[in-house]
Amino acid sequence: MYLRHLGYACKNVTLRLNTGQTFRLSSLTPERAATTVAANLDALEAMLRWNAAHDIRFLRISSDIVPFASHPASSFDWEEAFTDRLAEIRAYADAEGIRLSMHPGQFTVLASPRPEVVEAALADLAWQARFVHALDPDEGTLTLHVGGAYGDKPSALERFAQNFRRLTPLAQRMLILENDDKVYHADDVLPLCERLGVPMVFDFFHHRLHHLEGRREVGLLDLRERVVATWGERVPKFHLSSARDGGPRTAHGDFVLEEDLTAALDLMAQVGGDRPFDLMLEAKQKDCAVLPLRHFQRQGLREGAW
DNA sequence: GCGAGTCAAGGTAGG
DNA sequence: CCTACCTTGACTCGC
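Criteria and cut-off values
- Residues numbered from 1 in each chain as written.
- Chains lettered and ligands numbered in written order.
- Predicted model: local features only at pLDDT ≥ 70, side-chain atom pairs only at ≥ 80, totals over all residues.
- Heavy atoms only, no water.
- Helix = DSSP H or I, 4+ residues; strand = E, 2+ residues; numbered from the N terminus.
- Areas by Shrake-Rupley, 256 points an atom, 1.4 Å probe, with all protein chains shown as cover.
- Lys, Arg positive; Asp, Glu negative; His and termini not counted.
- Charge placed at Lys NZ, Arg CZ, Asp CG, Glu CD.
- Pairing = 2+ DSSP bridges.
- Axes fitted to C-alpha atoms, helices over the stretch in contact; angles between N-to-C directions.
- Near = heavy atom within 4 Å.
- Polar contact = N/O pair within 3.5 Å; in protein donor to acceptor, adjacent residues only side chain to side chain.
- Salt bridge = Lys/Arg side-chain N within 4 Å of Asp/Glu carboxyl O.
- Buried < 20%, exposed > 50% of the residue type's maximum accessible area, 1.4 Å probe, protein only.
- Contact = heavy atoms within 4.5 Å.

Helices and strands together make up the secondary structure of chain A, namely 11 helices and 10 strands. For chain A, the spread of C-alpha atoms along the principal axes amounts to about 50 × 50 × 40 Å. Total accessible area on chain A stands at roughly 13400 Å², and carbon and sulfur atoms take up 51% of it. In chain A, 35 side chains carry a positive charge and 43 a negative one; their mean positions are 2 Å apart.

Shown next as C-alpha cells:
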C-alpha cells in the first residue's frame, strides 16, 4: 500500500481556526446556534482552501461543529438552515479531492449498560453521520471507540453489536471502529469489525502502548491483512501519533516523528499491493505536524512509480 | 483584556 | 469513596 493523504484534526494552528467553536448550554438559543454554526462552516471552508493550497486532502471535522445538535433542548435545524452552504462546501471539497471525517467524543458510548447513554449515542451518531455524508458522501467516515468494559468485556462487546443494529442505516454505513489506548485492543476490535461488516481504523500509537506495557503480544504484522480487508473496496484509514515528551504515556506529542511515520509506512508497504491508504496525524500542532511530512504522500501514484 | 471558575455528557485508574 | 485523566480545552463571568 502507499500513503495517499495525510490529515489533521479539527483545528488549524497556522490560521488559528477551529471547526468546533461552541458555547455553554445555558447560552443555547436557535439564534446563537445559527451564528456559531455559520462561523464554524466559514472556518471549515477557510481550512479546506488552505489545505488544498498546501496539498493536504484529509481533515477531521469537530463534532462540536453543530453545538448541542442532538441535545433535547436544541430546536435548531442545521440541515434546513444550511442546505445551500453545505452543498457549496461539499462541491469545493469534492473538486479538491478532500476526504472528511468526524469523531464523536468520549461521551458517545454504544456499549454502555445504561439505556440513556445508549439513546444519546444513537442520536449523536445519527446527526454526525448525516453531517459527514452531506460533505463527503463518497469517502466520509465516522470514527468511534467501542467504549468501556464494565468488568465484563464479552458482554460489553455483545451490547455494542446489538446497539449497532439500532443505528440509522446511514450511521451504520459511515461508522468505523478504532482500537483505543487501554480497553479495546486491536485484536478485540478486529473480530467485532469483521462480525458487523464495519471497517477498522487502526491506531498505531494506541497499539504500541499495549505492546510497551505488555498487555498484548499480537502485533500489527499478524493483523494488517485482516484490518485492510475490513475496508473492502474503500480506502483504508489509519491514525498515527508520537508520544508527548515527559507527558502522561497516553498523551499525544506536538508533532509526529519522521521515524514513527516511516515505521508505519514500512509496515504497510508490504500489504495490499498497489493500493492507497490515508493517515490521520493526531498531534497537538495539527497542520504544523503535517506540513513537514507531506513529501511522504504519493498523490495519484500509479503502479511502478514507487 | 485577563485570571479564575466552570462546563452536557462516560469511563478508567489510582489512591 | 474521591480526584485526575483522556479528549479538541475553551466559554463565561467579574474585575
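More follows now that the structure is in view.
A word on the sheet that holds strand β4 (residues 58-61). With parallel pairing, eight strands are arranged side by side around a closed barrel as β1-β4-β5-β6-β7-β8-β9-β10. Shown here is a sheet whose adjacent strand axes are inclined to one another by a mean of 30°, direction ignored. By the bridge criterion, two bridges tie strand β1 (residues 2-9) to β4 in an arrangement that is parallel. Within the sheet, the bridge partner assigned to Y8 lies in β4 and is L59.

All right, on to the protein's contact with DNA strand B then. The full set close to DNA strand B counts 15 residues, and R24, L25, Q106, A149 and Y150 are the nearest of them. Across the atoms of DNA strand B situated within 4 Å of the protein, the share located in sugar and phosphate is 44%. With respect to DNA strand B, the side chain of R24 contributes an N or O atom lying 2.7 Å from a base oxygen. In the model, a phosphate oxygen of DNA strand B is placed 2.5 Å from a nitrogen or oxygen of the Y150 side chain.

For side chains of opposite charge, pairing can occur when their charged atoms come near one another. Scanning the model with the defined rule gives 19 salt bridges in all. Here E139 and R4 are joined by a salt bridge, their closest N and O atoms 3.0 Å apart. Of this pair, E139 sits in the loop between α4 (115-135) and β6 (141-145) while R4 is found in strand β1, placing the two residues 135 residues apart along the sequence. Note that R90 and D94 form a salt bridge whose closest N and O atoms lie 3.6 Å from each other. Remark: D94 and R90 occur in helix α3 (residues 83-95); sequence separation between them is four residues, near one turn of the helix. According to the relative accessible area criterion, R90 is partly exposed, its value standing at 23%. Judged by relative accessible area, D94 falls into the partly exposed class, the value being 45%. Where salt bridges share partners, they join D42, E45, R49, R85 and E88 into one cluster.

The next subject is the pairing of strand β9 (residues 237-240). The two faces of β9 match: K237 and H239 on one face and F238 and L240 on the other face are all buried. Pairing of strand β8 (residues 200-203) with β9 involves two bridges; the strand directions are parallel. Considered in β9, the bridge of D203 is made with H239. Strand direction decides the pairing type here: β9 and strand β10 (residues 276-281), joined by four bridges, are parallel. Looking at the pairing, K237 lines up with D278 of β10.

Within the secondary structure, R85 sits in helix α3. Of the residues examined, R85 reaches a relative accessible area of 17% and is grouped as buried. There is a polar contact of 2.7 Å between the side chain of R85 and the side chain of E88. In contact with R85, other than residues within four places in its own chain, are L41, D42 and E45.

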